[in-house]
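Structure at a glance
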Amino acid sequence: MTQIEYDRQYIWHPYASLKDPPRVRLAKSADGVYITLDDGRRLVDAVSSWWCVAHGHNHPAIVEAIRRQGERMCHVMFGGFTHEPAVELARRLAEIAPPGLDRVFFADSGSISVEVAVKMAIQYQHAKGRPGRSRMVALKGGYHGDTACAMALSDPDGMHVLFAGMMPRHLFAPKPAGCDVSAGESSPDVGEWAAQVERTLDEHEGEVAGMICEPVFQAANAMNFYDPAILAEMRRMCDERDLVLVFDEIAAGLHRTGPRWAHERSGAAPDVVCVGKALTGGHTTLAATIASGRVADVISSGTPSAFMHGPTYMANPLACAAANASLELFASADYAAKARHVEDVFRSRLPTLAALPNVAGVRVLGAAGVVEVRRMPSRGDIDRVIDETGVWLRPFANFVYAMPPLVTGDAELARIADALAAVAALPPGEGGEDGDFHE
Ligand SMILES: Cc1ncc(COP(=O)(O)O)c(C=O)c1O
């Protein structure tokens, strides 16, 4: 059996069936913005491997940091021990985190960091003598991960609907209206949106622990850019009702939309922020949940005073070393300008696609360009475009998008724009293919 044949028979891929599984390509190596296949062909990674490879694949500085750490200590349990990579990383995160946020919990993936944030909100309310406050308000159109608690906060009518029976029941604010954020457009609906959320909060007085959203950019579910004024409204409501405000910056943070944190456009700061994906520059899995001193102090004065979470690989030293090297790279150059440059290229190329018959809309913010199609072309047609253009795309639902490494050069950005245009020009498919539903 070849490796591909073995893979097809025995290995589940994300959002894929083992019966007639979708095509996978055999990746042999990766460097910069390229993934090299076993037959020697190279693909431009236009999705930065699900938006984490910010500095390019196998960045020498990050690889070297992992190698050096590996020679000293690959892992040690974080219960009862600490280590230099974790301490250094916590210091670095506290320096760049939103104002007042400096208490760091290391998690092993983005989804887990969201679970941790929700547990913080609930323990905060518990410590304040309000054990009944155990629900969150999340936004329709959102995505926060695939573990149970993160699914329960994601769009209730979306990809996780199959599991509704086992999930905690949270409350949902309407999906914010889309708008052209970098053009300074604002949404006329924010006041009505806030009034509706306030009514929900009133109806469920005494039940809600906090609010959570992906600031400005709802990524994996809706590819929706929305008015930052929504965040200021959330901040106000949380202040008025003593709720914990969580910003999930796992996709949008670390310059994906331009500024370091997407919420910076709003002037509203969270009580807890989740960061992951680009934290290690896409070199290994790590996320962090960073809380304010106020939230941490309240939790620590409750009963129990311990924060009740502790995964086996918490603060893995290899991952922390990778993240330190990645944050060093972020500090060494103007990544906001890099994101702006990608935005400029996408803005100069993508809007004309709106005239194509299968295109419902085009939007761009920072290093994210989205072409919404009326109906997704067939997987076979999209595969052909990938093979012919040498650009790796992973469209989902109705979205053909690019979120390339922030360091992508002009030649590759032009190829990415060409590939997006080629998919946008394909005829609509029949629909209903497994996996179409998700990122
Ligand atoms: C906003 C957001 N939150 C959470 C997650 C989950 O992160 P992970 O896949 O690392 O568990 C994702 C992943 O796409 C995400 O985009």
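Residues numbered from 1 in each chain as written. Predicted model: local features only at pLDDT ≥ 70, side-chain atom pairs only at ≥ 80, totals over all residues. Heavy atoms only, no water.

Quick look at the packing of helix 3 (residues 60-72) against helix 10 (residues 317-332) now. The N-to-C vectors of helix 3 and helix 10 enclose an angle of 150°; their axes lie 8 Å apart at closest approach. Between helix 3 and helix 10, the angle falls in the class roughly antiparallel. Viewed along their axes, helix 3 and helix 10 form a crossing whose handedness is right-handed. Where helix 3 approaches helix 10, its residues Ala61, Ile62, Ala65, Ile66, Gln69 and Gly70 are matched on the opposing element by Pro317, Leu318, Ala321, Ala322, Ala325, Ser326 and Leu329. Residue classes in the contact of helix 3 with helix 10 are distributed as 10 nonpolar, 3 polar and no charged. (Axes fitted to C-alpha atoms, helices over the stretch in contact; angles between N-to-C directions. Helix = DSSP H or I, 4+ residues; strand = E, 2+ residues; numbered from the N terminus. Parallel < 35°, antiparallel > 145°, perpendicular 65-115°, else oblique. Left-handed = near helix turned anticlockwise from the far one by under 90°. Contact = heavy atoms within 4.5 Å. Nonpolar A, V, L, I, M, F, W, Y, C, P; charged D, E, K, R; others polar.)

With that out of the way, let us pick up the domain arrangement of the protein. When the parts of a complex come together, some accessible area is lost, and that lost area is often taken as the interface size. On domain assignment, one finds that the protein holds domain 1 (3-59 + 337-424) and domain 2 (62-332). Between the C-alpha centres of domain 1 and domain 2 the distance comes to 26 Å. Of the residues lining the interface, 28 residues belong to domain 1; the matching set on domain 2 comes to 33 residues. Summed over both partners, the interface of domain 1 with domain 2 buries about 2300 Å², with 63% contributed by carbon and sulfur atoms. Viewed at the interface, domain 2 and domain 1 are joined by 1 salt bridge. Between arginine 347 and aspartate 180 there is a salt bridge; the shortest N-O distance is 2.8 Å. At the junction of domain 1 with domain 2, the criterion picks out 16 residue pairs in polar contact (both at pLDDT 80 or more). Elements represented by at least two residues in the side of domain 1 that touches domain 2 include exactly helix 2 (48-51), helix 11 (335-349), strand 13 (359-365), strand 14 (368-373) and strand 16 (399-402). Taken together, the residues of the side of domain 1 that touches domain 2 sort by class into 18 nonpolar, 7 polar and 3 charged. (Domains from an automatic or database assignment. Buried area = accessible area lost by both parts, 1.4 Å probe. Salt bridge = Lys/Arg side-chain N within 4 Å of Asp/Glu carboxyl O. Polar contact = N/O pair within 3.5 Å; in protein donor to acceptor, adjacent residues only side chain to side chain.)

This part is about the sheet that holds strand 16. As summarised here, the arrangement of the 3 strands in space is 13-14-16, forming an open sheet in which the pairing is antiparallel. Each edge of the sheet is formed by a strand with only one pairing partner; in this case those strands are strand 13 and strand 16. Direction aside, the axes of adjacent strands within the sheet are offset by 15° on average. Judged from the 6 bridges that link them, strand 13 and strand 14 form a sheet pairing that is antiparallel. Looking at strand 14, one finds that valine 364 is bridged to glycine 369. Strand contacts of helix 11: strand 13, strand 14 and strand 16, with the helix running at about 155° to strand 13, the strand carrying the most contacts. Of the strands in this sheet, strand 13, strand 14 and strand 16 are in contact with helix 13 (residues 410-424), which crosses strand 16 at around 175°. (Pairing = 2+ DSSP bridges.)

This next bit is on a nonpolar patch on the surface. Among the surface-exposed residues, Met1, Tyr6, Tyr10 and Ile11 lie close enough to one another that they form a single nonpolar patch of about 460 Å² accessible area. With respect to the secondary-structure elements, tyrosine 10 resides in helix 1 (residues 3-10). (Patch = residues over 30% accessible without salt bridge, like charges linked within 9 Å, V, L, I, M, F, W, Y side chains within 5 Å. Areas by Shrake-Rupley, 256 points an atom, 1.4 Å probe, with all protein chains shown as cover.)

Turning our attention to the site of the ligand. Around the ligand, the surrounding shell holds 13 residues, and the nearest of these are Gly110, Ser111, His144, Asp248 and Lys277. At 2.9 Å, a backbone N or O of glycine 110 approaches an oxygen atom of the ligand. One nitrogen or oxygen atom from the side chain of serine 111 is found 2.6 Å from an oxygen atom belonging to the ligand. Expressed as a share of its isolated accessible area of 390 Å², the protein-covered part of the ligand is 85%. Placement of the ligand is best described as lying within the second largest pocket. Across the shell around the ligand, the residue classes break down as 4 nonpolar, 5 polar and 4 charged. (Near = heavy atom within 4 Å. 1 Å grid on protein atoms, 1.4 Å probe; cavity = no way out; pocket = protein on both sides within 12 Å on 5 of 7 lines; lining within 4 Å. Sits in = over half its atoms within 2 Å of the grid points.)

So, on to the nonpolar core. Formed by 136 residues in total, the largest nonpolar core has its most connected members in Leu93, Trp193, Met211, Met223, Met234, Leu254 and Ile416. Counting only domains with at least three residues in this core, you end up with domain 1 (3-59 + 337-424) and domain 2 (62-332). Other than its neighbours up to four places away in sequence, isoleucine 416 contacts Val44, Ala46, Phe346, Val391, Ala402, Pro404 and Thr408. (Core = buried A, V, L, I, M, F, W, Y, C linked by side-chain atoms within 4.5 Å. Buried < 20%, exposed > 50% of the residue type's maximum accessible area, 1.4 Å probe, protein only.)

This brings us to the side chain of aspartate 7. Examined against the element boundaries, aspartate 7 turns out to sit in helix 1. No salt bridge is formed by the buried aspartate 7, whose closest oppositely charged neighbour, arginine 8, lies at an N-O distance of 7.1 Å. Beyond its immediate stretch of four places on either side in the chain, aspartate 7 contacts His13 and Val24. (Lys, Arg positive; Asp, Glu negative; His and termini not counted.)

Computed from the structure, the second largest pocket encloses a volume of approximately 530 Å³. Residue lining of the second largest pocket: 28 residues in total, with Ser109, Gly110, Ser111, Ile250 and Lys277 positioned closest to the centre. Of all the elements, helix 2 adds the most residues to the lining of the second largest pocket, at 3 residues. Taken together, the residues of the lining of the second largest pocket sort by class into 11 nonpolar, 12 polar and 5 charged. (Points joined across faces, edges and corners; volume = space filled by probe spheres on them.)

What describes a pair of aromatic rings is the distance from one ring centre to the other and the angle between the planes of the rings. Inspection of the entire model under this criterion finds 9 aromatic pairs. On the numbers, 6.4 Å between centres and 75° between planes, the contact of phenylalanine 78 with phenylalanine 106 is edge-to-face. Of this pair, phenylalanine 78 sits in the loop between helix 3 and helix 4 (84-96) while phenylalanine 106 sits in strand 4 (residues 101-107), and the two are 28 residues apart along the sequence. We classify phenylalanine 106 as buried; its relative accessible area is 3%. (Phe/Tyr/Trp six-rings, centres within 6.5 Å; stacked < 30°, edge-to-face > 60°.)

The next point concerns the pairing of strand 7 (residues 208-213). Remark: a regular strand shows side chains that alternate across the two faces of the sheet. Burial within strand 7 is extensive, with 6 of its 6 residues counted as buried. Pairing geometry for strand 5 (residues 135-139) and strand 7, over 3 bridges, is parallel. Residue pairing across strands places valine 137 opposite methionine 211, the latter belonging to strand 7. Inspection of the sheet shows strand 7 paired to strand 10 (residues 244-248) by 4 bridges, in the parallel sense.

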